[in-house]
Amino acid sequence: MPEIEGYKVVPLRLSADRPLELCHQIYMREHFIRLEDTDKPKGRTLFLLNVPPYVTEQSLGTFFRTKVDIPNKVSFAERPGRNESEKWQQHYIPFSSPTAPFKFKVAYVVFHKNTGVKRALQLDSIDLFNSDGNCVLESGMQLWHLQYQKHILNEKELQARIDKYMESYDKREQEALEAAKNSEADAEGWVTVGKQGRNAGFEQKESVVGRLEEKIVRGKKKKELENFYTFQIRESKMKNIVELRKKFEEDKQKIEALKKTRRFRPF
Amino acid sequence: MLKIKRKASEELDSGAAEDSMIENGSSDNMDDEPSSDNDDGFSERSVSASPAKVSKKSRKELIPATKAKEKLSAEVNNTNKKNQSEKVKPPTLEEINELKETRNLFHSNLFRLQVKEMLTELKIKEKYNNYIYNWLENFKQFLNKLENQAQKEDMGNQVWLKKSQIKYPISLHNLHIQQQKVFQFQFIKPKISPYLIGASATQSLLGPKVTVDICISMPEECFQKENYLNLIYDQKRAYYLAYIANKLLNCAEFGSELTTEKLKFSYHNNNPLKPILEITPTPLSNCKTILADKLRILLFVAAEESSFKLSRFVPWNSNVRASIFGDDVEGSAVMATSNYNANVLFDLTMQRNQEMLHGIFDGRRNFQEGLVLLKVWLRQREFDVGFNGFTAHLLTMFVAYLYKQRKLHTNMSSYQVARTVWNQLAYSSWDEDGKGISLSDKSTDLANQPTLEQFHTYYDVVFVDVTGFFNMTANLNVELYHRVRLEAKLAVDMLNDMKLNSFHMLFMTKHPLYSQFDHMLKINKRDVVDQIMEIYATPADKYNFAGYVYPVLIKVVLGLLRKGLGERVRAILPIEKVVDAWNCTEKPPDCSRYCHLGIVLNPDKAFEVLDKGPESIDEGADDFRKFWGEKAQLRRFQDGSITESVVWASANDSLWKRRLVVRSIITHLLQHHFQLESKDFDYIAGELDISYRLTPVFKTERMHEKYKVEQDVDSEDTSLNVIRSFDDLARKLHALNELPLEIVSIAGISPVFRYSEPVPVLPQARMIGEEMYAMQVQRGVIQLGLSGKWPSDLGALRALKMAFYIQIANLLREKHNLKTKVTYDGILVLKQGYCFSIEMAHPKELALLKKEKSERGLTQYVDCEASIALEKRHYILPKVTGALHALYQGHSSFAGTVMIAKRWLSTQLIDDGLWPEECTELLIAAQYLKTPSKQITSSPQTGFIKFLQLLAGTDWRSELFLLNFNNAMNENAVADLEHRFSTERDTFPPLCIATSFDEHHMGNLWSSGSKPNINVLARVTLLARHSLDIIETALLSTMEFIKPGRIFVPPNNGYDLVIQLKPDMVSNSWAHEFGTSFTARSKPNWRLPLADSNFLQKAVQKLREAYSDFAAFFYNPHGGKEIALVWKPNLTNERDFKVNEVNGCALSSKIDGKVAVKKEILVEDFKFILKDLYLRIGTVDEVLSASRNALPADSKTAITTGSKVFNPKIGEKRYFSQAQMDNSETEVVGVKNNHIQSKTIKSKTISAKSKNISKKRRTKPLKAKKSKI
């Protein structure tokens, strides 16, 4: 099998009868970076480049499990790098339509055993079709219809999911509230301050903090008279002049810019 | 000094209608330094009084930026820095004055600077003046050397003319003159040397082709007794001109280069009796500059004033007799030929008027430049064309008049001159009795000099010249005069509007006359014109215009239309084409012989279906019946009156039919009065409106019986039904008291709610089995009453939102028996055959999307892509929808304009993903908001033409489209935005639109860097130019108007690849279809798709998401059945292996260690992604020919294989019965992939070599599924 820059090049086959020149080439090698990432453990992670948009985590996982015979976990990212895997996951919000990016991507296959990577690198091709020669990936109208079916929700089922989710949410909230009420320091000496109660703190929002800071500044300013001394009046006049001049200059610059685009010839 | 000026400027500020600035500028001394750079025609202060140091500075600032660019910018930086760091320099009196003056006078310096800049651009270069001077000198010498002819010769017997190559430039035949008295002609050389007239005399020459008019005086000795009669003067004038032209050839002064090719004749103002000689300049012996394509010299011959008595040509005299037309002389009274007389007087009074102009314009740069401004304004509006036009000469004379009236002062700036002229023109009424104006001195009352009253009886418009005999507006069409007056008024309004920088609107943008018409009537067939002239033109008119057909025809037709249309129209304007100059060796061409009228509707009255006449017993009833013929009916009205009336349509007809009422009236009138059938004339109105009408192929009678729809409806009509149904749904939602929180607001956000959906929405949505089917889904947004209990976790919030959806869906089902479905994106509701999707907006959701932790550990709210999209959809779009809906209420043509525009874009394969729909809506809305309401068209077609003009003519980089709805943004905010736009242009998208609802996303909300990107923008501009060109030529020519298909069928060239889709997978659009140039026509498919599915759109979206780095995808969202594709340039270049740049790459077969993108692999991807949706892929030609060759018989050979067969969801039977079976097998056309090495092909299924693939089509036995019906 050909190699390039340390990557092994294998074709990605979607059906048994597709000629190899018409298949995407996947570049793979063992994942290796200096900074250790717990999600992509050294020696057990296979790194794949140029994974086409329609390939799913599940289909890749199934393929490697059957071929390499070692359980694995597949994750995608748009490009290699820090936080890229998280970014890929970010689109997921509970109770909204799934919108996984449909793009070329890189894949990380984490095997449960160290031998996985080595064995995977021995493969001649990545075959995403079953024994009948049919592709395991859904695509085209079939896929869209499937997605449409999921798009129309079953109300009972949804209600059940909502109830479950809210239950756990309420529980979490309750716990947080409890923690706030109970104003005892924890092991490290921190006290949780909530919104309620005697010792309520203010919300750590930028707008709130900004308003507070502004208030202080305003308080100082209030004490000054603005139109009292001659120099103040003179200064305000001066400002006015500066303003006029500035406008004049700005307009001139505008003209300068316009002139470059030759917008003064009516015909 | 200062006080006076302040006062003056304050007056101005208050917006007084009278021009108070005439008191202004007492110390202006612009004549002092005619050549200095500072002399820009504006009143500028002399700087003598101030301290030298400071004056130096202010001087520097005045130097035009062209000369001192770098200096200036350097200085700007300097002063800015100084302002910040050091003390501010004390301003001088002059500086304050100047700054204040410009602010008050021009509202902003910008306007002043722009005008100044334009004037410098327009200034004619010195070499032109040099050349003109030299040419004139040579010409004088030439005339001096000419000899008088020895004796008189009979007119038909001019020996020199017979010998000469030059043809006599008047054709009496064209004027239907049959009998001519013999007269004699003798050339006598002019006694007065030739002089400049027109623009060059007033130093107001305008490019790009500079025209210099020179007048030659024809001495009185050339004329004999009674030469004033029967066009003899005009003929002699033409002989004189031809004689000079003949002598010019090969004369010593101009050398051998002046050949017959450089001499042309043309008609002065399209007047066939007034030929002029047009000379292409040749290098002169003393001036070698070559200006051939930039300059032309016109020689005009005019008789000396003393040739005839001026009183010979008073309006009531007859100088053209019936006899020359071969008409019966007996019994016909002598008829006044006032217009002919005026045309002769034009020549006779030439010299005196010119002298007067010299006295006023010479040496006054401000007047000259003011005139230039006015001429630019006039020319951009095309009022100065032809026989009936409002010429620049009239403007010049008006400036002179105002000067004499002391309305204009010598020390006014050019801006003030223009402004005063507009102001005076706007409030003039030269067409009303006693209100005409005269340049002549009342004191020297000559015998027989007509009074103003007398002028008014003979002419529509009166503006008398300096002699008191000649009405310069004799030929001016009164409607055109009104239009010019209106434009002048608008100009003043624009200048007064502080918020508007009117420069572009006034001077830079073209407002072609044709784009102001709502409808157009064209009568130009030769026999039809002759018939009208023969039967309906009065002899009086014929003699008056000396046999010239055009003005008579216009008068006859216009008179009829005016009477019949009354208040329905604002104006009926003749539109004339200039007769091209012809070579002097050819016979003169026929002059205008057509009647092209543009009709400007009055939207308040034009669409009324009934014309009420007088009561049946009134005197007028008889006339009324006669005028309207059998159309007149006696009707009784609700108020009890019984009157004669004409009915044009039924009261509840849809708007598009009522828009054509005026057409019906005109057709009827022409038929009734002139016996014209509809094939005899062209009436252009609403041809393109068909693009948003329901396609005739779709038969509404087959529809569900419950909801009846007329067959001939358009999208505007159906929108109203949708909105009504939605309002009803809104009422029901409001009344859902069982909800824990009340629904407080409901707003539509789909285009249909702002009348911008070009595809008719029919009440067809339905449940079939458990599935919901609908062609379109209309979306609305609801908001709930306030509550503090919403969770501050995004997941929990969305969970609660979904719970609300379920509850609302249940309630609607139970209480109102509506079909509902819940999705994550909203509740789908079926109501009265429409499908609505209701989603809920919640401010907290927006806030949670924005939530971030800052580095200080504080929670902050930062806009992200998702939050902006949500804010736009849930909060801004409803507001904009409301505003646009309101705009439509005010101007009903808005809807149609947007619909045509959207259809045009979609048929050009520009869909929402390339060019957001809202951009089209907002661009047109911006245009409507900017146009003064009197000029807003009431016909969608014209609105669309204006939209094309906008697309074709806009400099996207420098233009910001700001829609300040209800003036919600104050001046500062606008100025701030504009400033940011000009200084930080690159932070805004290529097409920049902002509305007053956009909050802090100003300019970046409706478009983005990728939507539309620069390429799409450029393409749309190009397409618009092309379409506009087609429309413009069709409108102005004498040809029939184009078939709409010509601009609604996209060109198919330029695309690399076409993916043809299966016709039965993509439903046709309900809008009128124009066909496609990509595939052969297929049977329409009216199958209802699953509600809210739109698989094609989704497919293209996916393709774009994944492959936009490789190719651009195009499709027509309104029923288009193909996706066209253009590869990115340099896509397949070999490149180094880089981890971040290997997407889609395979190892290069040519160079080791390099990779390259392979198109054929990507094509396989497309096939995979579009499985079951595409029919074939190939180049444009391949797909086209394959689709043509695909015979229905082929389908029988299709083999069904494969384990999984895709089974499309089946709609109701009757919608399937039309579905097409014959194309349901998938074909694959090989892509042009010559470089695939055929040896390496292993696969069994590809048996042919790759080179053959491209030619031989292969039936890929993927699947073929016939539906079971």
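Everything numeric here is computed off the predicted structure, so don't read it as measured data.

**Remarks on the overall build of chain B**
A count of helical and extended segments in chain B gives 38 helices and 37 strands. Residue burial in chain B is summarised as follows: out of 1269 residues, 45% are buried. Restricting the contact set of chain B to residue pairs at least 6 apart, pairs at least 24 apart contribute 73%.

**Some remarks on the nonpolar core**
Of all hydrophobic cores here, the largest spans 361 residues; its most connected members are L48 of chain A together with L299, V399, I599, C835 and I1059 of chain B. Of the residues forming this core, the biggest block, 11 residues, is contributed by helix α8 (residues 232–248) of chain B. With sequence-adjacent residues up to four places away left out, I599 of chain B is seen in contact with F517, D518, H519, M520, L521, V569, I572 and V662 of chain B.

**Observations regarding the confidence of the model for chain B**
Residues and elements named next belong to chain B. Predicted confidence across chain B gives a mean pLDDT of 80, with 84% of residues reaching 70 or more. Between residues 1–86, whose pLDDT stays under 50, and residues either more than four places distant or in other chains, the model counts 92 contacts. The model gives residues 1191–1269 a pLDDT under 50, and that stretch makes 129 contacts with residues more than four places away or in other chains. Model confidence for the complex: the whole-complex pTM is 0.85, and ipTM, which rates the interface, is 0.84.

**Describing the UniProt feature "domain: Rrp7 RRM-like N-terminal" (unreviewed entry) in chain A**
In the numbering used here, UniProt assigns the "domain: Rrp7 RRM-like N-terminal" (unreviewed entry) feature to residues 3–67 of chain A. For residues 3–67 of chain A, the end-to-end C-alpha separation is 21 Å, with 17% helix and 35% strand making up the annotated structure.

**Looking at the sheet that holds strand β17 (residues 682–684) of chain B**
Residues and elements named next belong to chain B. If you walk across this open sheet you meet the 4 strands as β11-β13-β10-β17, and the pairing is antiparallel. In the strand order of this sheet, the two ends are held by β11 (569–574) and β17, each with one partner. On average, adjacent strands in this sheet sit at an angle of 15° to one another, irrespective of strand direction.

**Brief notes about the environment of S1007 of chain B**
Residues and elements named next belong to chain B. Residue placement: S1007 occurs in the loop between β28 (992–995) and α31 (1014–1036). Distance in space between the C-alpha atoms of S1007 and P1051 is 26 Å, their sequence separation being 44 residues. Not counting chain neighbours up to four residues away, the residues in contact with S1007 comprise P916, C919, P989, L991, C992, I993 and P1012.

**Brief notes about the interface of chain B and chain A**
Many structure descriptions define interface size as the accessible area lost when the parts assemble. Every contact between the two is made by 86 residues of chain B and, on the other side, 77 residues of chain A. Looking at the side of chain B that touches chain A element by element, the count peaks at 9 residues for helix α24 (residues 794–816) of chain B. Tallied by class, the residues present in the side of chain B that touches chain A amount to 43 nonpolar, 23 polar and 20 charged.

**A short note on the packing of helix α29 (residues 940–953) of chain B against α31 of chain B**
All names here are of chain B. Two elements in contact, α29 and α31, have axes separated by 8 Å at closest approach and are oriented at 135°. With respect to α31, the axis of α29 lies oblique. Considering only the axes of α29 and α31, their crossing is left-handed. Every residue of α31 that contacts α29 at I945, L948, Q949, L951 and A952 is listed here: V1020, T1021, A1024, R1025, S1027, L1028 and I1031.

Cut-offs and rules
- Residues numbered from 1 in each chain as written.
- Chains lettered and ligands numbered in written order.
- Predicted model: local features only at pLDDT ≥ 70, side-chain atom pairs only at ≥ 80, totals over all residues.
- Helix = DSSP H or I, 4+ residues; strand = E, 2+ residues; numbered from the N terminus.
- Buried ≥ 20, exposed ≤ 12 C-beta atoms within 10 Å, placed from the backbone.
- Contact = placed C-beta atoms within 7 Å.
- Core = buried A, V, L, I, M, F, W, Y, C linked by C-beta atoms within 7 Å.
- pLDDT = per-residue confidence, 0-100.
- UniProt positions renumbered as here; feature names shortened; annotations may be inferred.
- Pairing = 2+ DSSP bridges.
- Axes fitted to C-alpha atoms, helices over the stretch in contact; angles between N-to-C directions.
- Nonpolar A, V, L, I, M, F, W, Y, C, P; charged D, E, K, R; others polar.
- Parallel < 35°, antiparallel > 145°, perpendicular 65-115°, else oblique.
- Left-handed = near helix turned anticlockwise from the far one by under 90°.

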